[in-house]
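For reference, the chains in residue letters:
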Amino acid sequence: MKRPFLSVASFYAVGILAGSLLAVPLLTLFAASFAVLAFALLFARFRPLLLALLLLFAGWTNLRLRTAVLAPDDLRHLLGPRPEIVTLRGALIQSPRVTILQRRDRDIERSLALVRVAKIQRKNHWQPASGKLIVATPAPLGTNYFSGEPIQVFGVIARPPAPLAPGLFDYRNYLAVRGIYFELKTGSVADWRLPAPHPARPPMNDRFMAWAHRALAAGLPPDQSQRLLRAMSLGWRTAFTGDVGDPFLRAGTMHLFAIDGLRIALLAAMFVAVLRAVRLSRAWCGALAAPLIWFYTAATGWEPSAVRASIMMSIVLAGWALKRPVDLLNSLAAAAFVILLCDPRQLFEAGFQLSFLVMLAIALILPPLNGFCERLLANDPLLPADLVPKWRRLWTGAALWLARFASVSFAAWIGCIPLAAKYFHLFSPVSTIANVAAIPLGALALMAELGSLACAAWLPPLAILFNNAAWFLMLALTDASQWFASLPGAWFYVPAPSWTSIAIYYLALVALFGGCLATRKRQLLAATVFLSIAAIYLWRWDGARHETQLTVLPLAAGHCVFLQDPGNDWLVDCGSADDVQFTLKSFLRSRGVNHLPQLVLTEGASRNCSGAPALDALFGINRLWTSSAAFRSAPYNKILAAFDQPPRRRIFTPGHPVGPWLPLWPPPAPRPARADDNALVLLGNFGGAKILLLSDLGSRGQDALLAARPAADLRADVVIAGLPARGEPLRDPLLDAIHPRLIVIADSPVFSERAARARLKARLRLRNVPVIYTRDSGAVTITLRPSGWSARSMDGIQLRP
């Protein structure tokens with residue numbers, strides 16, 4: 001078999017996928033595996049098929065073994081779904097990491113620590129416990145907390161929060177893939193204790209990282225370029241605060257700051273070049289370069305991406321050192337198999353998927369691309385080499401090097417398109433040319449950083465010179481990324497594709513470039529499959545273009561409603577500036593929103609409208625819609641003044657529809673009242689399905705609305721209401737007029753004072769109408785079709801009329 005590990009890794013990965021979909025008992029899996037093994041030993045004729053089945057069962061069993069609750073003291077067995085106040089004892093798995101959160105132009109530091117639990121105290125009772133958890137502390141921990149240290153910590157333990165809305169980062173799943181199912185939140189550093197005397201010195205990798213940070217900062221100003229240099233060379237993720245990483249993401253150059261395959265390959269090339277320069281043999285170069293790579297991986301904290309890349313590079317180096325022919329696809333499959341054998345959950349990590357699928361695309365696409373470039377730039381084959389002018393040979397060599405470099409960048413971009421859309425909601429056509437400029441700059445900066453580390457202990461002036469060279473190169477890399485990202489059409493935010501679409505994309509790449517279409521029969525079969533898939537997607541597209549989605553998104557103190565109507569999106573309210581920065585920005589980008597046509601502000605409360613300037617800066621708002629009511633809110637009036645120059649503000653007139661909305665309240669000249677009594681009320685009609693948005697309409701406003709409008713005008717299938725400052729939403733007379741089939745109460749998931757009270761819940765329960773509270777259920781998505789409507793919430797509630 002030409003590439004044995006390709007089949008081995010493929011069948012093993014299929015078994016892992018099966019394990020993620022079907023939770024079969026471990027005893028059943030072990031029995032099936034041993035039975036298949038016995039049959040494979042007995043029946044040689046069917047042995048290849050049975051060995052493939054055995055690999056599938058091995059992957060399935062390994063995943064279940066890693067994820068099943070086996071120990072009676074497992075945290076998943078001991079703890080319930082509700083938060084608890086506990087004290088834990090255990091040991092730090094890694095040294096705590098400091099993260100920086102920018103909020104209102106202030107840097108807020110917090111520590112994240114990974115702890116292996118040994119004991120837990122609940123209600124003054126200690127008991128054994130096992131498992132890993134993440135501990136969040138709202139301040140940096142002291143320098144005496146290291147990897148391996150026994151600790152005791154007090155706080156509130158709970159399952160990590162689920163995503164608030166579709167498309168937002170799933171922190172719970174992110175931790176679960178790493179075997180972490182609980183999060184402990186502490187109040188301060190005072191909640192930590194060191195039961196045993198801590199060692200006088202930190203572990204080796206902590207000492208190295210502290211020394212390296214000082215060495216790489218020597219002689220440089222404490223600016224962004226200096227922090228980015230440390231992120232590139234040491235994997236220091238704290239450097240990426242706020243929107244620092246956005247230009248690199250949009251230009252497709254963010255990978256330069258990850259300790260991944262490119263970084264390890266550059267380091268290996270540098271080490272081998274130095275060792276070959278002193279005339280060491282291949283065997284010695286491989287024997288010395290591999291430990292140096294693993295030292296770097298250990299020193300930077302055993303990042304999973306670094307471990308994956310180091311395994312891959314070790315396999316490649318071993319083949320090169322032993323003068324064995326290197327097959328990139330087989331080496332890639334061998335590395336994937338080793339990694340998944342050690343931890344099958346890595347198959348579901350974004351880093352693993354990006355690393356191996358991008359390398360797969362490079363291995364498949366690069367050979368034909370290089371061949372095309374060589375044929376394009378080749379000299380006349382009938383012309384003797386001696387007669388080719390020197391300038392032409394030099395030009396051809398330089399052009400061929402540039403073409404090959406661009407080919408690698410293009411192949412990598414092709415390989416990451418669907419995963420970039422899935423995890424970052426980005427499509428970056430500029431990535432290929434941006435990386436042609438950025439990768440050489442990044443490689444030179446990394447070489448200068450390594451030179452600084454090599455000289456820092458014995459020749460500090462030379463180390464400072466290297467640091468300044470690296471600083472200049474990082475500044476050039478940053479400017480280049482920002483310039484490429486600023487080009488028209490350089491990037492777009494797009495909705496995340498389905499896993500089915502992603503699988504079809506990569507299977508098509510393998511079929512096109514993997515030699516699967518060599519015969520006429522296979523080509524006809526591929527064309528038939530392609531046309532069938534295209535017909536299915538065309539049918540789905542035709543159905544989707546008649547759909548409208550309305551999402552009720554809870555925010556910290558308020559809520560917003562996003563209507564995604566083909567060609568004309570509407571956002572009703574936008575929350576505060578913090579809501580825009582930490583929730584709404586990511587949500588809209590996950591929906592593929594690059595520009596916001598319409599924003600509606602329903603009333604003047606700061607919790608609902610103060611984020612409009614930040615939203616306008618991010619997305620560019622075409623029109624701002626408000627009622628004619630005047631509010632005393634300073635943020636609201638400042639927003640109106642900003643949108644009047646140039647005039648982008650429009651005013652709703654009750655009874656006059658605008659797009660899908662019919663404004664019902666307030667009247668053109670409302671009497672002075674409390675802000676929420678004059679909140680804008682909108683009725684949407686979508687193919688016969690009616691949605692009523694009440695905003696935070698107060699009690700007097702509800703009475704006035706009933707008096708001003710006949711009950712027939714208020715009838716709706718779904719009513720969405722926030723919580724007014726005083727009183728309750730949806731009083732009984734108003735509910736009688738609306739007669740809804742679904743009630744959505746948009747209460748806060750953060751502040752208890754903005755949560756629905758027990759009295760309101762008891763009253764609504766008597767209506768015998770489904771009620772969804774966004775504090776408990778997360779965002780609610782209502783899908784409106786010509787055939788009817790349906791609703792689903794983030795906690796799994798699904799409703800159809």
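As the structure is a prediction and not an experimental result, all values here were calculated from the model.

### Some thoughts on the nonpolar core
So, point 1. Counting 37 residues, the largest nonpolar core has Leu340, Phe352, Phe356 and Ile365 as the members making the most contacts within it.
So, point 2. At the level of secondary structure, the elements contributing two or more residues to this core comprise helix H1 (4-21), helix H3 (47-67), helix H11 (304-321), helix H12 (328-342), helix H13 (350-377), helix H14 (390-424) and helix H17 (499-513).
So, point 3. Residue contributions to this core peak at 10 residues, all from H13.
So, point 4. Not counting residues up to four positions away in its chain, the partners in contact with phenylalanine 356 are Arg308, Leu332, Ala335, Ala336 and Ile339.

### A closer look at the pairing of strand S22 (residues 780-785)
So, point 1. By the criterion of burial, S22 is predominantly enclosed, with 5 of the 6 residues buried.
So, point 2. By the bridge criterion, 5 bridges tie strand S10 (residues 548-554) to S22 in an arrangement that is antiparallel. Bridging across to S22, glutamine 549 finds its partner in threonine 783.
So, point 3. As paired elements, S22 and strand S23 (residues 788-793) share 6 bridges and run antiparallel to each other. Bridging across to S23, isoleucine 782 finds its partner in alanine 791.
So, point 4. Hairpin remark: S22 followed by S23, antiparallel, with 2 residues in the connecting loop.

### Looking at unusual backbone geometry
So, point 1. Following tryptophan 665, the chain continues into proline 666 via a peptide bond in cis, with omega recorded as 5°.
So, point 2. By secondary structure assignment, the location of proline 666 is in the loop between strand S16 (661-665) and strand S17 (681-686).
So, point 3. Its identity as a non-glycine residue notwithstanding, serine 695 has a phi of 55°, on the positive side.
So, point 4. Its location among the elements puts serine 695 in the loop between strand S18 (689-693) and helix H23 (699-708).

### Some words on a nonpolar patch on the surface
So, point 1. A cluster of nonpolar side chains, Phe30, Phe34, Leu37, Leu41, Leu65 and Leu70, forms an exposed patch at the surface whose accessible area comes to about 590 Å².
So, point 2. No other element matches helix H2 (residues 26-42), which puts 4 residues into the nonpolar patch.
So, point 3. Of note, phenylalanine 34 is situated in helix H2.
So, point 4. For phenylalanine 34, a relative accessible area of 56% corresponds to the exposed category.

### Focus: the side chain of serine 310
So, point 1. Mapped onto the secondary structure, serine 310 falls in helix H11.
So, point 2. The class of serine 310 is buried, set by a relative accessible area of 0%.

### Notes on the pairing of strand S14 (residues 621-626)
So, point 1. With 4 bridges joining them, strand S13 (residues 596-600) and S14 adopt parallel strand pairing. Of the residues in S14, the one forming a bridge with valine 600 is tryptophan 625.
So, point 2. In this view, the connection linking S14 to its parallel neighbour strand S15 (residues 649-651) by way of helix H22 (residues 634-643) has right-handed handedness.

### Re the packing of aromatic side chains
So, point 1. The full count for this structure, using the stated rule, is 23 aromatic pairs.
So, point 2. The interplanar angle of 45° and the centroid separation of 6.3 Å between the aromatic rings of phenylalanine 169 and tyrosine 171 together place this pair among those described as tilted.
So, point 3. Since its relative accessible area comes to 57%, phenylalanine 169 is described here as exposed.
So, point 4. Arranged with centres 4.6 Å apart and planes meeting at 40°, the rings of phenylalanine 352 and phenylalanine 356 form a pair that is tilted. In this pair, phenylalanine 352 and phenylalanine 356 both sit in helix H13, 4 residues apart, roughly one turn of the helix. Accessibility classification places phenylalanine 352 together with phenylalanine 356 in one group, the buried group.
So, point 5. Members of the aromatic cluster, each reached through a chain of ring pairs, are Phe169, Tyr171 and Tyr174.
So, point 6. A cation sits over an aromatic face here: arginine 178 above tyrosine 174, 3.8 Å from the ring centre.
So, point 7. Here the basic side chain of lysine 761 rests over the ring of tyrosine 773, its NZ or CZ set 5.0 Å away from the ring centre.

### As for the sheet that holds S13
So, point 1. Pairing is mixed across the open sheet formed by 9 strands, whose spatial order is S15-S14-S13-S12-S11-S10-S22-S23-S24. In this open sheet, the two edge strands, each paired with only one partner strand, are S15 and strand S24 (798-799).
So, point 2. When S14 meets S15, the two strands line up parallel, connected through 3 bridges. Bridge pairing in S15 links leucine 624 to arginine 649.
So, point 3. Across the face of the sheet, helix H19 (residues 577-590) comes into contact with S10, strand S11 (559-564) and strand S12 (570-572) while running at roughly 165° to S10.
So, point 4. Those strands touched by H22 are S14 and S15, and its axis lies near 130° from that of S14.

Cut-offs applied
Residues numbered from 1 in each chain as written. Predicted model: local features only at pLDDT ≥ 70, side-chain atom pairs only at ≥ 80, totals over all residues. Heavy atoms only, no water. Core = buried A, V, L, I, M, F, W, Y, C linked by side-chain atoms within 4.5 Å. Buried < 20%, exposed > 50% of the residue type's maximum accessible area, 1.4 Å probe, protein only. Helix = DSSP H or I, 4+ residues; strand = E, 2+ residues; numbered from the N terminus. Contact = heavy atoms within 4.5 Å. Pairing = 2+ DSSP bridges. Patch = residues over 30% accessible without salt bridge, like charges linked within 9 Å, V, L, I, M, F, W, Y side chains within 5 Å. Areas by Shrake-Rupley, 256 points an atom, 1.4 Å probe, with all protein chains shown as cover. Salt bridge = Lys/Arg side-chain N within 4 Å of Asp/Glu carboxyl O. Right-handed = clockwise from strand over helix to strand, strands pointing away. Phe/Tyr/Trp six-rings, centres within 6.5 Å; stacked < 30°, edge-to-face > 60°. Lys NZ or Arg CZ within 6 Å of the ring centre and 35° of its normal. Axes fitted to C-alpha atoms, helices over the stretch in contact; angles between N-to-C directions.

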